[in-house]
Amino acid sequence: MTPPTVLSLGSINADFQMRVDAEPGSRDLLQARDFARMSGGKSANTAFIAARFGLRSLLLGRVGDDQLAEQALGTLAAAGVDISGVSQVPGTATAVSIILVPPDAKKQIVLATNANDCWDDDAIQALLTSIDQCPQPGCIVLNCEIPPAVVRSALGAARKRGLDAILDPSFAERFEPDLYPLLRGITPNAAEAGELLDRSITSVNDAAQAARALHAKGVAIACVKLSDGGCVVASADRLDHIPAGDMNIVDTTGAGDAFTAAFAVALLEGFDGLEAAAWGVASANLATTGYGSQPSYQGRAEITALAGQLLKSARTIDV
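Residues numbered from 1 in each chain as written. Predicted model: local features only at pLDDT ≥ 70, side-chain atom pairs only at ≥ 80, totals over all residues. Heavy atoms only, no water.

(A) Highlighting the side chain of Lys225. Along the polypeptide, Lys225 turns up in strand 11 (residues 221–225). With relative accessibility at 10%, the residue Lys225 sits in the buried group. Separated by 3.0 Å, the side chain of Lys225 and the backbone oxygen of Thr187 make a polar contact. When neighbours within four sequence positions are excluded, Lys225 is seen to be in contact with Asp168, Thr187, Pro188, Asn189, Ala190, Gly230, Cys231, Gly256, Phe259 and Thr260. (Helix = DSSP H or I, 4+ residues; strand = E, 2+ residues; numbered from the N terminus. Buried < 20%, exposed > 50% of the residue type's maximum accessible area, 1.4 Å probe, protein only. Polar contact = N/O pair within 3.5 Å; in protein donor to acceptor, adjacent residues only side chain to side chain. Contact = heavy atoms within 4.5 Å.)

(B) Representation of the pattern of salt bridges within the structure. All chains considered together, the criterion is met by 13 salt bridges. Salt-bridge contacts for Arg33 lead to Asp21; the nearest nitrogen and oxygen are separated by 3.1 Å. Of this pair, Arg33 sits in strand 3 (residues 32–40) while Asp21 is found in the loop between strand 2 (13–20) and strand 3, placing the two residues 12 residues apart along the sequence. Between Arg174 and Asp117 there is a salt bridge, with the nearest N and O atoms lying 2.9 Å from each other. Placement of the pair is Arg174 in the loop between strand 9 (164–168) and strand 10 (185–186) and Asp117 in the loop between strand 7 (108–112) and helix 3 (121–132), with a sequence separation of 57 residues. (Salt bridge = Lys/Arg side-chain N within 4 Å of Asp/Glu carboxyl O.)

(C) Seen up close, the environment of Val110. Relative to the assigned elements, Val110 resides in strand 7. Along the backbone, Val110 and Ile99 are 11 residues apart, and their C-alpha atoms lie at a distance of 6.6 Å. Beyond its immediate chain neighbours, meaning those up to four positions away, Val110 contacts Val96, Ser97 and Ile98.

Pasting the structure below:
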């Protein structure tokens with residue numbers, strides 16, 4: 001039997017990561033260690049997790065015609081991700097992400113979007129063809145680290161094809177609000193949810209109100225990821241808080257991407273919103289226990305086991 005298909009559309013980066021022993025911005029020169037070069041980007045990370053879960057994983061996006069493209073794509077192909085939907089942009093650099101991990105393990109990132117933002121008509125048409133040819137069951141997971149016109153075209157094509165769409169709205173300022181009804185799921189962190197809704201989110205109750213507001217805009221299942229690793233999830237019939245697990249946090253890089261990927265896979269496999277959000281929290285929590293994004297991602301057995309534990313501590317909330 002052919003496994004379900006996850007289409008991952010958006011950012012594909014060459015990551016350059018290092019630890020710093022002081023908070024970024026605290027001084028002009030920071031000493032760093034544990035330098036690593038890795039594949040990264042929200043869509044690359046989502047595709048990696050989907051393949052690790054045993055699904056058919058197709059990555060859609062753009063890279064440059066430089067040596068960094070090999071860094072961005074090499075480990076994905078080795079992990080079983082289909083990269084045939086990734087095209088090169090002549091004369092342009094692959095996107096680069098500089099990641100600093102301070103002592104509190106909460107990373108800070110500078111992203112040069114480069115090829116991620118370079119889409120011509122031929123590239124968009126190839127993308128639409130890939131979506132139109134996606135076998136069922138399938139879904140598309142995308143983010144806003146590509147041009148808004150590409151996001152709009154992809155969501156329209158996914159709706160026409162009958163694919164569920166899950167959005168990680170980074171960069172939040174690029175999201176066009178008339179697209180909410182085309183989403184089955186949305187997974188902002190608290191800062192992104194605040195930007196989408198033009199409000200401050202500083203508590204679980206604030207996040208709950210934000211999740212409910214996003215659901216009211218037409219999203220079937222709205223998750224707001226919390227800074228402590230938990231989340232609030234709103235759907236048509238319930239509103240729940242899933243606390244984070246007790247983790248030894250090493251590095252938060254890629255944890256949000258791990259949430260979105262596991263959440264999307266769970267929905268694709270027929271789980272309800274609360275269960276899918278628990279998969280997301282479990283995946284994100286486990287991702288923080290290792291250094292880097294893709295090297296720290298866990299498999300299906302570890303994530304589903306932790307998700308089962310987290311569901312026992314979930315609580316329904318009323319706002």
